[in-house]
Amino acid sequence: MGAKNKIKLFLVFLLGIVMTLGGFSSVNAGTLYEERPYGIVMDPASPWRVYIADHPPYYGALFSPMWMDGNLVYCIQSRRESINGASDYYRQDLAEYLRTQGLDWNTSEAVANELGIIAGFGYGYAGDTSNEMMWATQIRVWQTLGYYGLPFNSSQISQIDSIQSKIDIINDRINNYNKNVNFGTSVVTLTGYGQENGVWLTDSSGVFSQYTDTQTSGIHTQRSGNRLFIWAEKGDNENTNLSYTLVTGTYTGRSSAWVSPTSQNTFQSGGAPNKTTSLRVELRTGSVQINKVDEETGNVAQGDATLVGAQYSLISDKTGSEVGVLTIGENLKSNVIENLPIDTTYTIVEKAEPKGYNYNPETKKVEWANPNGVNEWTGTVSDRVKKGDIKIVKTLGATDYDEEIILKGAQFKATLISDESKVYYSNVSGEDGVCLIEDLPYGNYRVEETITPSEAYTVDPFEVFVEEDQKTYNFPKVDPSKEMRIAVEKVLLDETVGKTDAKVSGAYFTVYTDENATQEYLDKNGNPVIIGPTDNTGYAIS
């Protein structure tokens, strides 16, 4: 083998089979050039010999590189001599030629494609231009033709083992080429932004590392051998296609047959076509928005309270951290929190109750109803308004002679200062003198007496700010007429000792405004004030 680099190889089959051009659709003509060696190789140990056992006395022929107009071609016709310089070649699509050899349409297309791939990954691929690789490529072509029933058989080829290592290389390349990236054509669903929501894909076929990026824009990717990491950042496409190409570097088009009526038919490889694998990436995120209502009145706030401005934390159940704040606006809807990962549920917790409302400890759970589609979650949250009572007790003030007297028959009303259509009334006081205005929503009120007992004056209006929940605001009101109360005592007099202990009941007294008792004191109704009658203790109070 030391002289192999000097060996001129060619394939000569001493028994020719004459072919005609009938039925061939020629495209252009070509001239064959072969690197013919000198003489016939008789050594049965030569690795370059094709042994033809049924045609003695010839032991075989040699494989010789053949060129058609400067392009390497391979033998596809058994037992026919190649004629160096033959110029009667016509070019024909290889699959069409194979159909003239008895293969059906589908098979001829498959064989033509396979021969192109064999030649593409054989001689010249990855820079291997050795004679051994050229011979291995030719043998591999014959093996394929023989497999599909054409008149080629590996038993015709002697000493294949010495070239087998090169054939194994070709077969390995073809096997890898025929493998598909196992995550190709898949749909990858991303459930949120950031690398924490990314997806790793692993090609168990072990060929993805041989592919180059073709289309990766619109999304973020990172490669590591046969693994691919995909994730999205804000601004990336919601849906995008990724593609990767196995570039063989050998493909020039469909393979051709060069057909001659006098010389050996050959084929010129179009090489192995590039392969592309693709996958679709779909970004699936969710959004959350809430509506705010009053627990009792729905969309209408009570008193001076407002539903606007309430704040709610959106908590990821996966991490336990706050991912956003929902704030209620004038339309009683919150802002929308978008681009939420949907691989977790969320909890809505009130963060700041609105003015005039009680904090609501109840939470809302956000669960996605359509993980593979649009996820726009909306919900309603409510609060209970703060309410308080106003309690008024009207009395006549105490004097030096008696205790404070509770008045009955009084009534009061409370009017919301900011909206005078909101009026709340108390009961009419009874024996306990209590006037109670109940369940006043948060706000500032003006309180007025609406019914005044006949023996009392009307209380001046006053303001009360109800700001605490379930609080009673107490307002004891002492009638101002207490300053005009007069206590009298009727007793018997002893002319000797003066006053005695004898009490006189049933006595009446008239009140005057002057010392001479000429001007009677009049009450609010213009009537003279009469005190009495005195009781059995001798007392009477105005």
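Residues numbered from 1 in each chain as written. Predicted model: local features only at pLDDT ≥ 70, side-chain atom pairs only at ≥ 80, totals over all residues. Heavy atoms only, no water.

J.: So what about the sheet that holds strand β18 (residues 311–316)? Which residues, and what values?
T.: Strand order in the open sheet formed by 4 strands is β19-β18-β21-β22, with antiparallel pairing between adjacent strands. With partners counted over all chains shown, the strands left at the sheet margins are β19 (322–327) and β22 (364–366), one partner each. If you compare each strand with its neighbour and ignore which way they point, the axes differ by 30 degrees on average. Bridge count between β18 and β19: 5 bridges; the pairing is antiparallel. Bridge pairing in β19 links Y312 to L326. (Pairing = 2+ DSSP bridges. Helix = DSSP H or I, 4+ residues; strand = E, 2+ residues; numbered from the N terminus. Axes fitted to C-alpha atoms, helices over the stretch in contact; angles between N-to-C directions.)

J.: For the nonpolar core, give the residues involved together with the corresponding values.
T.: Core analysis: the largest hydrophobic core is formed by 60 residues, its most contacted members being L94, L98 and I230. When near neighbours in sequence (up to four residues on either side) are disregarded, L94 contacts I76, A112, L115, S255, S256, A257 and F267. Counting 22 residues, the second largest nonpolar core, distinct from the first, contains V288, L314, I342 and V381. (Core = buried A, V, L, I, M, F, W, Y, C linked by side-chain atoms within 4.5 Å. Buried < 20%, exposed > 50% of the residue type's maximum accessible area, 1.4 Å probe, protein only. Contact = heavy atoms within 4.5 Å.)

J.: Describe the pattern of salt bridges, and please don't skip the residues or the numbers.
T.: Any two side chains of opposite charge can pair, on the condition that their charged atoms come close. Throughout the structure, instances matching the rule amount to 20 salt bridges. With a shortest N-O distance of 3.5 Å, K351 and E322 are connected by a salt bridge. Taken as a pair, K351 in strand β21 (residues 346–352) and E322 in strand β19 lie far apart in primary sequence, 29 residues in all. Judged by its relative accessible area of 44%, K351 is partly exposed. Accessibility expressed as a relative area gives 39% for E322, which makes it partly exposed. With a shortest N-O distance of 2.8 Å, K394 and E449 are connected by a salt bridge. (Salt bridge = Lys/Arg side-chain N within 4 Å of Asp/Glu carboxyl O.)

J.: Give a detailed account of the side chain of S426, specifying residues and quantitative values.
T.: Residue position: S426 is located in the loop between β27 (423–425) and β28 (434–441). Residues contacting S426, with those up to four places away along its chain left out, are Q411, F412, C435, L436 and I437.

J.: Please set out the sheet that holds strand β29 (residues 443–451) residue by residue, giving values where relevant.
T.: In spatial order, the strands read β27-β26-β29-β30; together these 4 strands make up an open sheet with antiparallel pairing. With one partner strand each, in any of the chains shown, β27 and β30 (462–466) form the two edges of the open sheet. The sheet shows a mean angle of 30 degrees between the axes of neighbouring strands, taken without regard to direction. Inspection of the sheet shows strand β26 (residues 411–416) paired to β27 by 3 bridges, in the antiparallel sense. Bridge pairing in β27 places T415 opposite V423.

J.: So what's going on with the packing of aromatic side chains? Residues and values would help.
T.: Scanning the model with the defined rule gives 13 aromatic pairs in all. Among the aromatic residues, ring-to-ring pairing joins F121, Y125 and Y177 into one connected group. Directly above the aromatic system of F208 lies the positively charged group of R223, at a separation of 4.2 Å from the ring centroid. It is K234 that lies over the ring of Y193; its NZ or CZ is 5.5 Å from the centre. (Phe/Tyr/Trp six-rings, centres within 6.5 Å; stacked < 30°, edge-to-face > 60°. Lys NZ or Arg CZ within 6 Å of the ring centre and 35° of its normal.)

J.: Could you give an account of the packing of helix α2 (residues 105–120) against helix α3 (residues 131–147), naming the residues involved and the relevant values?
T.: Their axes nearest at 9 Å, the elements α2 and α3 cross at an angle of 165 degrees. Compared by their axis directions, α2 and α3 come out roughly antiparallel. In this structure, α2 crosses over α3, and the sense of that crossing is right-handed. Two secondary-structure elements touch here, α2 through V111, E114, L115, I118 and A119 and α3 through T137, R140, V141, T144 and L145. (Parallel < 35°, antiparallel > 145°, perpendicular 65-115°, else oblique. Left-handed = near helix turned anticlockwise from the far one by under 90°.)

J.: Can you tell me about the confidence of the model for the chain, naming the residues and giving the values?
T.: Taken as a whole, the chain shows an average pLDDT of 83; of its residues, 80% reach a score of 70 or greater. The low-confidence segment residues 1–27 (pLDDT under 50) makes 86 contacts with residues lying over four places distant or belonging to another chain. Within the model, the stretch residues 55–59 combines pLDDT values under 50 with 10 contacts to residues more than four positions away or in other chains. (pLDDT = per-residue confidence, 0-100.)

J.: Let's hear about the pairing of strand β6 (residues 71–75): which residues, and what values?
T.: Counting buried residues in β6 gives 4 out of 5 residues, a clear majority hidden from the surface. Linking two consecutive strands that pair antiparallel, namely strand β5 (residues 66–68) and β6, is a turn of 2 residues; a positive phi of about 55 degrees is found at D69 within it.

J.: An account of the environment of S87 is needed here, citing residue identities and associated values.
T.: Within the secondary structure, S87 sits in the loop between β6 and β7 (89–93). As for S87 and T262, which are separated by 175 residues in sequence, their C-alpha atoms are 9.6 Å apart. Not counting residues within four places of it along the chain, the set of residues in contact with S87 comprises G30 and T31.

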